[in-house]
Amino acid sequence: MKSKLSNITIGVLPGYQAFEGNLLSYHLEKIIKGIMSAADEMSCNLLIGCGMSTTPLPSSSMPAWPYPDKTTTFVPIGPWNTDGIIVIPPLSSKLRSKQIQDLLAKDFPVVFAAAGERGPQIVTDNSIGIYEAVAHLRDHGHRRIAYIAGYENRTGDTLLRRSSFEAAMKNYNLDFDPNLISYGKHTIEQSKRAMQDLLSTARPFSAIITSNFHTAIGANETLKLNGLQVPEDMALICFDNPPEAKAQNPPFTAIHQRTHEIGYKATLLLLDYILREKHERSTIQIPEQLIIRQSCGCPPDIKTRITIPQKASPNDIVNLMVIETLPEIFGIRENDLQNLFQQQIKVLQESVISRDIAPFFTNLNNLIQFWGDKQEQFHVFLPAFSLLRKALPNLVNEQDLNFSQDLIERARILLEIQVQQQDAKIFSRQALISQNMGKMTGELLRIHEKTEIQQVLNTYLPQMGFNDWGIVIFSSSKQDPFAMSHAWITKHAVDPQEFDTKEFSPSFLYQDGETNFQLALFPLVIREDTQEGYMFFSTNSLA
């Protein structure tokens, strides 16, 4: 199968900019990482369009797109150089929607990695998360709940979440009031105003659900300005579960979306269409999960209340460890996580019986290496090991409890050291990128000749960890400014090569037997409204 797929190239087109400033959208990053995982496993090629903007959504929506106009930047990722495309809505444009629908009408393989467009799609099941959130707030005694949605006249996830909220309120016989729905456009500033509008209605409510994490941030800031505290005066639950959600005060109860799984399954579904193994247009829903923290009114020790059945088997304990960990992980799939925890419990039992700690810590170090290679945050595994310690009476004999507890405690200390080291590396890398990005931008704005671009990028990009990259500069043409290009490639230090832009293919990048590639394409915009070309990087640089 893999030899059959090695010549397949998949394009990825988000309908909005991937970056705002130097930051990659958390939601989009997880989808892309899922796509990358599947493409890597299936040995197929990947071209990812990454639009950039200095202004946040929704003030501008500037995707990297194969059909250039004033609302996009151009990247050559289209039906001419890919075998199929994963499109990530919302597209926020009737024209862009029509362009993709035209591809589908011509039987070109397209899969959507979110709701909002007609065609094959992998989507989050918005109703499950909303129903869980409303039921949880009802259990806390709330009857009047407000909701801050995204956009008032938008389909896709915005419409599905809003309609699911209304249906859940009515299903649980709560007091649904359409005047308690406001629109924050998924941004902090707009959500501040949306929260103030709700408070100004003079209609009572005691809890709020928000359409995403940024909306929750804006709502919480407005509540504080009005002298209201979460959760004492107002319970709060948000969609999205980025790492920052649990760093809030109080930590946000959140509806976790398995966005990595969406990207992974979108890739597999697209491959089915490319290989003509599937013909009907499928919609696959990925369930959500409510992650309980304190903003809903639950006490801080809620996580320690996971019940371990008295006669729980090792498999039962593995499943509980997976439940504890899965919402926080980034690039490890559920089955792989189960296998990892099963192996750790197995070597724990073997080490206890033999009184030899070496197998336990050898396996733990292998896990740490694996987690690091997958770029997971080490802190997310600490709760699973705390749960494992609670479950020891189900796994070892009573006379072995002290020995096994000592093993788990030493493992926890080792993980905490990894957490500290990882945090320090992340902080240092972010600081270095920010510093060098500022210097590089300043020098790019001062250049006079296009040939100077390479020198500036070659100075700063390696310092930021971008070692495998190239730049493409559009050749001047009054008829079509994007028609022809020439490229510099740092990896093999070849002379600039001129080629038809739409024939962009990194085949000339890869020598010495290398066959597969995963590249991210970024527009190269030095002066406002002037796109000089684009850069491409190995997707390893997105980590």
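Residues numbered from 1 in each chain as written. Predicted model: local features only at pLDDT ≥ 70, side-chain atom pairs only at ≥ 80, totals over all residues. Heavy atoms only, no water.

Draft legend 1. Structural context of helix α2 (residues 26-41). Compared with the 22 Å implied by 1.5 Å per residue over 16 residues, the 23 Å span of α2 between its first and last C-alpha is a close match. For α2, the tally of buried residues reaches 12 of 16 residues, placing the bulk of the element in the interior. Within α2, burial applies to L28, E29, K30, I31, I32, K33, G34, I35, M36, S37, A38 and A39. Just downstream of α2 lies S43, where phi reads positive at about 55 degrees. (Helix = DSSP H or I, 4+ residues; strand = E, 2+ residues; numbered from the N terminus. Expected span 1.5 Å × (residues − 1). Buried < 20%, exposed > 50% of the residue type's maximum accessible area, 1.4 Å probe, protein only.)

Draft legend 2. Region of the structure containing the packing of aromatic side chains. Taken as a whole, this structure holds 15 aromatic pairs when the rule is applied. Between F504 and F536, the aromatic rings sit 5.4 Å apart at their centres with planes inclined by 55 degrees, giving tilted as the arrangement. In this pair, F504 sits in the loop between β20 (494-500) and β21 (518-527) while F536 sits in strand β22 (residues 530-538), placing the two residues 32 residues apart along the sequence. Among the residues examined, F536 registers a relative accessible area of 2% and is labelled buried. Cluster of aromatic residues (ring-pair linked, three or more members): F74, F474, F482, F504, Y534 and F536. Taking NZ or CZ as reference, K502 lies 4.6 Å from the ring centre of W80, over its face. (Phe/Tyr/Trp six-rings, centres within 6.5 Å; stacked < 30°, edge-to-face > 60°. Lys NZ or Arg CZ within 6 Å of the ring centre and 35° of its normal.)

Draft legend 3. Quick peek at the pattern of salt bridges. What the rule picks out here adds up to 16 salt bridges. K265 is the salt-bridge partner of E261, the closest N and O atoms lying 3.8 Å from each other. Of the two residues, E261 and K265 are both situated in helix α8 (residues 259-274); the distance of four residues between them amounts to about one turn of the helix. According to the relative accessible area criterion, E261 is buried, its value standing at 10%. Residue K265 is classed as partly exposed on the basis of its relative accessible area of 31%. A salt bridge links R412 to E416; the shortest N-O distance between them is 2.5 Å. Of this pair, R412 and E416 both sit in helix α13 (residues 401-446), four residues apart, roughly one helical turn. (Salt bridge = Lys/Arg side-chain N within 4 Å of Asp/Glu carboxyl O.)

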